[in-house]
Amino acid sequence: MNRRGFGLSLALALAAQGASADEAPAGRIVLARRRFRAWLRSLGRPGARALYPYMARGNAQHISGLSPMASADVAIWAMGSGDDELGLQIANGLVHWQREVERLLPARVHGGLPSDLTPDGAGWKPGSAFYAGDNLVCMAVLARAYVASGQDRFAQAALKIARWMRGTLLDGRRAGVWARNYGPPMHYMTAAGAYDNAIHTAVDYLWLGALREIDLLDPQGGWAQMETEASRFLATGQSAFGSWYSFFRPDKPGSAGGQWHWYRGGDVTVGDDNLRAALAAHRYGRVDQVRGFLEWLKPVDGTFVNGYLDPLTGRAKFLPVDAPYFDLVCTGLLRTLHERLGRREGAGRCEAAVLRWQAEDGGWHWGRRQADMQPLQDERAVITGVWAVGSAI
């Protein structure tokens, strides 16, 4: 066996010690969650209003701006695990930044939340891009915060996002970038009024259920029917091989047709995008699609998923210049899928594997090199940590 193969085998053996449903005892996950919460606290910044960054480097000394979506994932995990206090703190922050958008940015994006908040002197300011998936996740947090607290401001903020999306990202025909509305939202728009009229799977598909939560707040709004139509369309985004396409692109603004494409229009697909789409398919009861996906997916040791995959075979497909790596959020997503399917042993193996690679500071590096399982970069991702210690759905 060559050196690289030995290094990978050794690293996987360490990660998979005692690989059974009982290999990650309750005490271990409790400790991991405690350390992760401490790491999250280290990410707090003045003026952030309880929001977290997407990435952090250097033991949380350097952060990449603030991410409403990553913060919303933390809130969903927190409220789902009984920590309403943390979830409501984040929901309050989302309300604040929604109001800042209304104060600082053009009316066309009022009601929405930006995908990032960037440094502005000693504080922060809203970014200019407004993604559909991010806003769906934030909408769900606000709806759940209302249920948990009974405070009207959360319901009002959730409805603001929903009504803004209905008039913009869900209505490409009105915006002049679609010949017809397809059901799901387009990818994003900017505060300047530019649109990306592609329709994505991944986060957008996984969080269509936020529309049903809005339906409970506004039963006359037709939100549940919108979710049904959107999910039917996105169900067509699975390939014959079992993998999921990344996005659908209309042929041209005047044409109602279009095509599904792999990642960036190339011949690779992304591991975590596929797993999110599979979780969405499971949510909508598409048993055959989930089965086809799991037959396509080829996780190493049953737990680790390559960052980039061949959409035809499910095996690794990196560019020659890339260092092959495992995307650790995929292991958390795969554990959740196993849990939803009642596959206790598979879930246990994934949980033990991902907990094995918690960093000393309590966060998780998002990628680890296959050759030696060392961090691909000195970056810890909030979302990876959330899916390592729980789930965000």
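Parameters at a glance
Residues numbered from 1 in each chain as written. Predicted model: local features only at pLDDT ≥ 70, side-chain atom pairs only at ≥ 80, totals over all residues. Heavy atoms only, no water. Helix = DSSP H or I, 4+ residues; strand = E, 2+ residues; numbered from the N terminus. Rg over C-alpha atoms; globule rule 2.2 N^0.38 Å. Buried < 20%, exposed > 50% of the residue type's maximum accessible area, 1.4 Å probe, protein only. Contact = heavy atoms within 4.5 Å. Areas by Shrake-Rupley, 256 points an atom, 1.4 Å probe, with all protein chains shown as cover. Lys, Arg positive; Asp, Glu negative; His and termini not counted. Charge placed at Lys NZ, Arg CZ, Asp CG, Glu CD. Phe/Tyr/Trp six-rings, centres within 6.5 Å; stacked < 30°, edge-to-face > 60°. Lys NZ or Arg CZ within 6 Å of the ring centre and 35° of its normal. Pairing = 2+ DSSP bridges. Salt bridge = Lys/Arg side-chain N within 4 Å of Asp/Glu carboxyl O. Axes fitted to C-alpha atoms, helices over the stretch in contact; angles between N-to-C directions. Parallel < 35°, antiparallel > 145°, perpendicular 65-115°, else oblique. Left-handed = near helix turned anticlockwise from the far one by under 90°. Nonpolar A, V, L, I, M, F, W, Y, C, P; charged D, E, K, R; others polar. pLDDT = per-residue confidence, 0-100.

**Student:** Whenever I open this one, the overall build of the chain confuses me. Can you help?
**Tutor:** Looking only at helices and strands, the chain features 15 helices and 15 strands. In terms of C-alpha radius of gyration, the chain reaches 20 Å, essentially the compact-globule figure of 21 Å for 393 residues. Seen along its three principal axes, the alpha-carbon backbone of the chain occupies a region of about 60 × 45 × 40 Å. Residue burial in the chain is summarised as follows: out of 393 residues, 57% are buried. Counted over contacts in the chain with a minimum sequence separation of 6, partners at least 24 positions apart contribute 61%. Accessible surface, the chain as shown: approximately 16100 Å² in total, 49% of it carbon and sulfur. The distance from the centre of the 44 positive side-chain charges to the centre of the 38 negative ones in the chain is 1 Å.

**Student:** Sorry, what's going on with the environment of Val386 here?
**Tutor:** Assignment of secondary structure puts Val386 in helix α15 (residues 382-389). Here Val386 falls in the buried class, since its relative accessible area comes to 0%. Once you skip the residues sitting within four places of it in the chain, Val386 turns out to touch Phe36, Asp73, Val74, Trp77, Ser391 and Ala392.

**Student:** Would you mind showing me how to read the packing of aromatic side chains here?
**Tutor:** What characterises a pair of aromatic rings is the spacing of the ring centres plus the angle enclosed by the ring planes. In total, this model carries 22 aromatic pairs according to the counting rule given. Following the ring pairs from residue to residue traces out a cluster consisting of Trp178, Tyr182, Phe233, Tyr245, Phe248, Trp260 and Trp262. Here Arg356 stacks its cationic end above the ring of Trp357, 4.4 Å away from the centre of that ring.

**Student:** It is not clear to me how the pairing of strand β4 (residues 123-126) should be interpreted in this structure. Could you clarify?
**Tutor:** Where a strand is regular, its side chains alternate between the two sheet faces. Side-chain alternation along β4 places Trp124 and Pro126 on a buried face and Gly123 and Lys125 on a face that remains uncovered. Direction of pairing for strand β3 (residues 117-120) relative to β4: antiparallel, over a ladder of four bridges. By the bridge assignment for β4, Asp120 is matched with Gly123. The antiparallel pairing of β3 with β4 creates a hairpin that spans two residues between the two strands, and Gly121 there sits at a positive phi of about 65°.

**Student:** Can you walk me through the side chain of Arg368 in this structure?
**Tutor:** Turning to its location among the elements, Arg368 is positioned in strand β14 (residues 367-369). Despite being buried, Arg368 has no salt bridge partner; Asp372 is the closest side chain of opposite charge, sitting 7.4 Å away. With residues near it in sequence (within four places) discarded, Arg368 still touches Tyr325, Phe326, Leu328, Trp357, Met373, Gln374, Pro375 and Leu376.

**Student:** Quick question: what am I supposed to make of the pattern of salt bridges here?
**Tutor:** Opposite charge on two side chains permits pairing when their charged atoms draw close. Here the structure, examined in full by the defined rule, presents 15 salt bridges. In this structure, the salt-bridge partner of Asp196 is Arg249, at a minimum N-O distance of 2.9 Å. Here Asp196 is found in strand β7 (residues 195-196), whereas its partner Arg249 is found in strand β9 (residues 247-250), with 53 residues between them in sequence. The buried category is assigned to Asp196, whose relative accessible area is 15%. Assessed through its relative accessible area of 31%, Arg249 is described here as partly exposed. The partner of Arg212 in a salt bridge is Glu227, and the shortest N-O contact between them spans 2.5 Å. Of this pair, Arg212 sits in helix α9 (residues 210-217) while Glu227 sits in helix α10 (residues 223-234), and the two are 15 residues apart along the sequence.

**Student:** What should I look at first to understand the sheet that holds strand β6 (residues 188-190) in this one?
**Tutor:** Pairing between sheet strands relies on hydrogen bonds along the backbone, with the strands arranged either parallel or antiparallel. Pairing is antiparallel across the open sheet formed by three strands, whose spatial order is β5-β6-β7. Of all the strands in the sheet, just β5 (129-131) and β7 have a single pairing partner and so form its edges. As paired strands, β6 and β7 are joined by two bridges and run antiparallel to one another. Residue pairing in the sheet places Tyr188 in a bridge with Asp196 of β7.

**Student:** I tried to follow unusual backbone geometry on my own but got confused; where do I start?
**Tutor:** Where the residue is not glycine, phi is negative for most of them; where a peptide bond is considered, it is trans in most cases. Phi is positive for Asp301, which is not a glycine, with a value near 60°. On the accessibility criterion, Asp301 (32% relative accessible area) is partly exposed. Residue Met373 is not a glycine yet carries a positive backbone phi of 60°. With respect to the helices, strands and loops of the structure, Met373 is situated in the loop between β14 and β15 (380-381).

**Student:** When you look at the packing of helix α3 (residues 68-80) against helix α4 (residues 84-104) in this model, what are you seeing that I'm missing?
**Tutor:** Helix packing for two helices is described by the angle between their axes and how far apart those axes are. Following both chains from N to C, one finds α3 and α4 inclined at 150°, their axes separated by 7 Å at the closest point. As judged from the angle between their axes, α3 and α4 are roughly antiparallel. Considering how the two elements wind past one another, α3 and α4 form a crossing that is left-handed. Here α3 contributes Pro68, Ser71, Ala72, Val74, Ala75, Ala78 and Met79 to the contact with α4, which in turn contributes Asp84, Leu86, Gly87, Ile90 and Leu94. Taken together, the residues of the contact of α3 with α4 sort by class into nine nonpolar, two polar and one charged.

**Student:** What exactly am I supposed to notice about the confidence of the model for the chain here?
**Tutor:** Interpreting fine coordinate detail is not advised for predicted regions of low pLDDT. Across the chain, the average pLDDT comes to 92, with 93% of residues at 70 or higher. Ignoring residues within four places in sequence, the model shows residues 1-7, a span with pLDDT below 50, making six contacts including any to other chains. For the stretch residues 9-24, pLDDT sits under 50, and the model shows 33 contacts to residues farther than four places along the chain or on other chains.

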